[in-house]
Structure formats: structure tokens, C-alpha cells
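Each chain, written out:
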Amino acid sequence: MIKYFLIVNKQGQTRLSKYYEHVDINKHTLLETEVVKRCLSRSNEQCSFIEYKDFKLIHRQYAALFIVVGVDDTETEMAIYEFIHNSVEVLDEYFSRVSELDKMFNLDKVHIILDEMVCRIVETNRERILAPLLILYNDSSSSSHSLFARMI
């Protein structure tokens, strides 16, 4: 089971954190600091799978961003490693070449995409993952336009 999903830049600043298991808010910062420190200190030649406390860390670097997923012992490392890549491809498709700023200014959309992927981890089809988000944001923008048109 996925415990958390982190997106961190090279300076160690958390750009997105999504927890799928309750962690006290006071422990978030400590946990993220320890996890980021472990992942950022590793070289490219080292394995992307780390045993940490009672769970595994799987991380992957994309340009200046690191994606770190914490899982329990029941998850397969390679499946999560591919899940990370798939999530980056989905974000890339939605934001048209995703950047650190896209994630920071569209956290709600990134959270929706991650929830669609994690809650239905068997789903890897990008169109099916993005469909609810596209419907949600297209309907809201078209309804506001049609409301405005009716007022004129």
C-alpha cells in the first residue's frame, strides 16, 4: 500500500506531499526531511529502492525534481517505480511539459490526478485517468461562460 507521495526539488524543498495514511502534522516535516535527505544523498549509480524504518522508499529523478513514494512491504518496488514514471507522463500530458511551477500553482489538479491513480492503481491508461479532471474543469468553465452569455 502506498503511504505517501512526495515531489521534492534538488534543494530539498517539498513541492507536493500527499499522504494516504494518517501521519501527525507535526511529524510530516521530520519525516519529509529524513526521507529527502536519504534520497538526495544517493548517487545515480545507486539503487532507487531504500529500506527506511518500517517501509520502503522508491524514488526517481526527473530534471530538477525528485519523486519519492513510501510504501509498505507488500508492494513490489518495480511496480511502484513504473507507477512513478506513469504519473509523470500523465502530469506531462495534462500540463503540456510539466514544470515545478505547474505543480505549485495547480496543486488541486495534481492531487486529483494522484488520487485517480493511487485509489485505482490498476488504472494506467492516461485518458481514463485524466477524464474526470477534464470533465470537472471543462464543465465548470463552460457553465460559467454560458451563464455569462445568458446574462448579456
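No experiment lies behind these values; they were computed from the predicted model shown.

Our focus in this paragraph is the side chain of glutamate 116. Its location among the elements puts glutamate 116 in helix α4 (residues 107-119). Residue class for glutamate 116 comes out buried when judged on its relative accessible area of 18%. Excluding residues that lie within four positions of it along the chain, glutamate 116 makes contacts with Ile129 and Pro132.

Right, let's talk about the packing of aromatic side chains for a bit. This structure, assessed with the given rule, holds six aromatic pairs. Consider the rings of tyrosine 4 and tyrosine 19, whose centres lie 5.7 Å apart with planes at 45°: the pair is tilted. Of the two residues, tyrosine 4 sits in strand β1 (residues 2-9) while tyrosine 19 sits in strand β2 (residues 14-19), which places them 15 residues apart along the sequence. Just as tyrosine 4 is buried, tyrosine 19 falls in that class too. Ring-pair connections join several aromatic residues into one group, and the members of that group are Tyr4, Tyr19, Tyr52 and Phe55.

Thresholds, definitions, all that
- Residues numbered from 1 in each chain as written.
- Predicted model: local features only at pLDDT ≥ 70, side-chain atom pairs only at ≥ 80, totals over all residues.
- Heavy atoms only, no water.
- Helix = DSSP H or I, 4+ residues; strand = E, 2+ residues; numbered from the N terminus.
- Buried < 20%, exposed > 50% of the residue type's maximum accessible area, 1.4 Å probe, protein only.
- Contact = heavy atoms within 4.5 Å.
- Phe/Tyr/Trp six-rings, centres within 6.5 Å; stacked < 30°, edge-to-face > 60°.

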